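Spelled out, the chains give:
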Amino acid sequence: MIRVVHRWPGLVAGLLVLVLSLSGALLSIFPVVERLSSVQPAALSTAELVERIQAVHPGVEQIRRKPSGRITAYWSENGVPRAAVMDPATGRDIASADPNPFERWLTRLHRSLLFGDGGRMAMAAGAAAMLVLAVSGAMLVARRAGGWRRWFSPLRGPFAARLHVELARIAVAGLLLSSATALWMTASTFDLLPDGPSSPVTEVEGSGRTGMPVAGMDVLKRTSASELRSLSFPDPADATDVFTLKTDRGTGHLDQGTGALLAWSDPSAWQRVSEAIYMLHTGRGAAALGLVLGFMALSVPVMVGTGFVLWFAGWRARPRIHGNAAAGRAETILLVGSEGGSTWGFATTLHAALSAAGQTVHAAPMSSFEPARYRQARRILILTATYGDGAAPASARGFLDRLKSLPAAPSVALAVVGFGDRSFPGYCAFAQAVADMAEAGGWRMLVPFMTVNRQSPQDFAGWGRSLGAAMGIALELVHHPVRPAAFPLTLVSRRDYGADVQAPTAILRFALPKPPVWLRLIGRGFGRFVAGDLLGVLPERSAIPRFYSLASGYRDGFIEIVVRKHPAGLCSGQLFELQPGDKVNAFMRQNPGFHASRDTAPLILIGAGTGIGPLAGFIRANVRRRPICLFFGMRHPDSDFLYGEELKGWQQSGQLLRLATACSRSRQPSYVQDVLREEGGEIARMVRKGARVMVCGGRDMAAGVSAALTDILAPVGLTPALLRAEGRYVEDVF
């Protein structure tokens, strides 16, 4: 619901919001310029100021001081009204008082689109849309971050989405203030606000005398020129007329013959509120704040643009779920946790099968979980992927917190199925966490927790049969995976290794494609990838991608992976047949759980076989020369010493501090965990001082490394588990 409230004001009133924000940003400059260019009266009383101006313009009729400090005098010459900006030190003219034509035009555009009252109402609608966008946007940012306390938590996802949210985090307070004050001022213009208590009107009666010099009036001598707002002069020919003095403290009337204060009224609380709102919105009197709000307003065009890009991308990628029932009348609730969109495909298949069986079904992202809305629900089915090493996917952020905060488990039954890839260490970890928390919270489980490996239609069909049996219906789930959007990559070079030790391996380098900008913005191109991210390769006879860790980043200007040929391997076999100039379809997927951090802490890289790929990428990108130690296991140095020449060069350039190798088929066979034990003292010292450990390779190797590090770190009171909890021990295993 919040997303809908946020989306439609942006789409419908986007142009008005753009005009409001851009014109408001430009208008915020003028108060600053005026403040900097105004000559400020230094320790000057109002009496002294008036005396100096009267010496130059004896017929002055009014003196005004703007919040910026600019002094303007008004008088008549031969019956013609005149006005000028004054120098308070000399009382002389220093500039014309005529408003800047561009500022005047821009103000009319900002207030009314140059169309009078009708335009004012249109711009008020734009301000209302901006207010709705700011409030709903703040709620969506909090939801995406996992709560208000995590407002500034790191983001992931396509560049357009991250830019949209980052700007919203910074600018939302200013946009709320600007839009709310704009609506107040519009309501005041059309007399829609209740009249506040006005200052008492006092009948004043003067002495009947005229001609007292202003310099002798005690009230004006006690009033600093810096608090003056205006002084209106009486008609010398009318003895009943009086001076009207307006200051920051209130309004007074002075006898023109004696200078006595005849009446005084303080501003009401309502007037003070109105003046504060005017100041906050225009920046008049608070130029620095106005400029800050103006800069925040400049974020609106970018957010409108990125918002439209995200909406369009979501509209194109959104599964077409026909007959999606309202949450309040559905018997079955499908909640989907998805990062890249593939889980939605399974949800669509399940939705169609349940609907065909006579069920009323409502499908929604897990982030919209609100049990109070599910008034007719008999069951909740959760289909969720896992992001990285056990994190919630994009459409499920905050779900566990909301599940945990429920006072009691609802009476409806629950079923959880996880989607993932067994080759990753965090296989279905988030889905498992959801199931465990639900069971611990007393939810009734409709079927036991199950998983679907590598988008397997067979696994999904098996879960569907169990679900159907529990529901008392025949449920056959026939799912046809949709091939992800991919781009052709052209192989530019290959280097082959391992044939002599029956482990054919190749380093494949592809040219970096240049998809359209809008695709890169929504994260579907080959944008800002780094070593450790994943290249999804689509085999010719399968819709299920195989993922390979990247050995390069976008700054390298190419895409590089390390591939070992597996017996009967569909994808590895196709890759091994590639020759320079051949193409393969692929796409990019971020893998922030296995990125080298940007700090300067030492890195201990441990890998074997093709696991050297991302580790080599980290070393290649180490232009800041942070300390990196690499422990690399191979079969034989003459056959599969991957990146051997590059590693020597990186050592010479300082990008690699130390290299230690293990060879399982040399004269003295050893494995990488053996080398770790030999260097145990140095490793423990580095870890104790903050080093980060990154492991990449096969599961057996990773298990041996973990066991070796457990022994190595025990004397210093550390374990791989503790380091993992601190984010200082990460794995990419297969």
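Throughout this document, residue positions are counted from 1 along each chain, in the order its sequence is written. The predicted origin of the model limits local features to residues at a pLDDT of at least 70 and limits the giving and counting of side-chain atom pairs to 80 or more, whereas totals for whole chains, interfaces and linings rest on all residues. Only heavy atoms go into the side-chain values, all of them from the structure, while hydrogens and water stay out.

A.B. asks: Break down the overall build of the protein for me, with residues and values.
C.D. replies: Only DSSP runs of H or I with at least four residues qualify as helices, and only runs of E with at least two residues qualify as strands; both kinds are numbered from the N terminus onward. Regarding its fold elements, the protein presents 23 helices and 25 strands. Residue exposure (1.4 Å probe, protein chains only): buried if accessible area is under 20% of the type maximum, exposed if over 50%, otherwise partly exposed. For the protein, the residues scored as buried account for 47% of the 734 residues in total. Contact criterion: two residues are considered in contact whenever any of their non-hydrogen atoms come within 4.5 Å of each other. Intrachain contacts of the protein at a sequence separation of at least 6 include 70% that bridge at least 24 residues. Per-residue and other accessible areas follow the Shrake-Rupley method at a 1.4 Å probe size, with only the shown protein chains counted as cover for residues. If you sum the accessible surface of the protein, you get close to 34900 Å²; carbon and sulfur atoms cover 56% of it. The averaged location of the 56 negative side-chain charges in the protein is 8 Å from the averaged location of its 77 positive side-chain charges. His residues and chain termini do not enter the charge count, which takes Lys and Arg as positive and Asp and Glu as negative. Note on charges: their place is set at NZ of Lys, CZ of Arg, CG of Asp or CD of Glu.

A.B. asks: I'd like a rundown of the packing of aromatic side chains, residues and numbers included.
C.D. replies: Between the rings of Phe, Tyr and Trp (Trp by its six-membered ring), a pair exists once the centres lie within 6.5 Å; its type follows the angle of the planes, with under 30 degrees stacked, over 60 edge-to-face, and the other angles tilted. Enumeration according to the criterion identifies 15 aromatic pairs in this entry. Centre to centre, the rings of Phe-369 and Trp-443 are 6.5 Å apart; their planes meet at 45°, and the pair counts as tilted. Placement of the pair is Phe-369 in the loop between strand 10 (361-365) and strand 11 (379-385) and Trp-443 in the loop between helix 14 (429-440) and strand 13 (444-445), with a sequence separation of 74 residues. Like Trp-443, Phe-369 is buried. Ring-pair connections join several aromatic residues into one group, and the members of that group are Phe-346, Phe-419, Phe-460 and Trp-463.

A.B. asks: Can you lay out the side chain of Ser-552 for me, pointing to particular residues and giving the numbers?
C.D. replies: Among the secondary structure elements, Ser-552 is positioned in the loop between strand 18 (546-549) and strand 19 (558-564). Since its relative accessible area comes to 0%, Ser-552 is described here as buried. Whenever a nitrogen or oxygen atom comes within 3.5 Å of another N or O atom, the pair is scored as a polar contact, on the condition that within protein one atom can donate a hydrogen and the other can accept it, and that pairs from neighbouring residues in sequence are kept only if both atoms are in side chains. Within the local environment of Ser-552, its side chain forms a polar contact with the backbone nitrogen of Glu-560, the two atoms lying 3.0 Å apart. Residues in contact with Ser-552, not counting those within four places in the same chain, are Phe-529, Val-530, Ala-531, Phe-558, Ile-559, Glu-560 and Arg-620.

A.B. asks: How would you explain the sheet that holds strand 5 (residues 228-232) if you had to name every residue and give the values?
C.D. replies: Strand pairing in a sheet relies on backbone hydrogen bonds. The paired strands run either parallel or antiparallel. Reading across the sheet, the eight strands line up as 4-3-2-1-5-6-7-8 and stay open at both edges, with antiparallel pairing between neighbours. Strands with a single pairing partner mark the edges of an open sheet, and in this sheet they are strand 4 (93-96) and strand 8 (261-265). Direction aside, the axes of adjacent strands within the sheet are offset by 25° on average. Criterion used throughout: strands pair if DSSP finds at least two bridges between them. Looking at chain direction, strand 6 (residues 242-247) and strand 7 (residues 250-255) are connected through six bridges and run antiparallel. Considered in strand 7, the bridge of Lys-246 is made with Thr-251. The sheet contacts of helix 4 (residues 46-56) involve strand 1 (62-65), strand 2 (71-77), strand 3 (80-86) and strand 5, and relative to strand 5 the element is tilted by about 50°. Axis lines are fitted to C-alpha atoms, over the contacting stretch for helices. Their N-to-C directions set the angle, which ranges from 0 to 180 degrees.

A.B. asks: Now, about the pattern of salt bridges: what can you tell me, with residues and values included?
C.D. replies: Take a side-chain nitrogen of Lys or Arg and a carboxyl oxygen of Asp or Glu: if they are within 4 Å of each other, that pair is a salt bridge. In the structure shown here, the tally under the stated rule is 20 salt bridges. In this structure, Arg-249 and Glu-227 form a salt bridge, with 2.8 Å as the shortest nitrogen-oxygen distance. Separated by 22 residues along the polypeptide, Arg-249 in the loop between strand 6 and strand 7 and Glu-227 in the loop between helix 8 (218-222) and strand 5 bring together distant segments of the chain. Assessed through its relative accessible area of 42%, Arg-249 is described here as partly exposed.

A.B. asks: Just give me the short version of the pairing of strand 5, but keep the residues and values in it.
C.D. replies: Where strand 1 and strand 5 come together, three bridges link them in antiparallel fashion. Across the sheet, Arg-64 pairs through a bridge with Ser-230, a residue of strand 5. Pairing geometry for strand 5 and strand 6, over four bridges, is antiparallel. Note that in strand 6 the partner of Leu-231 across the bridge is Leu-245.

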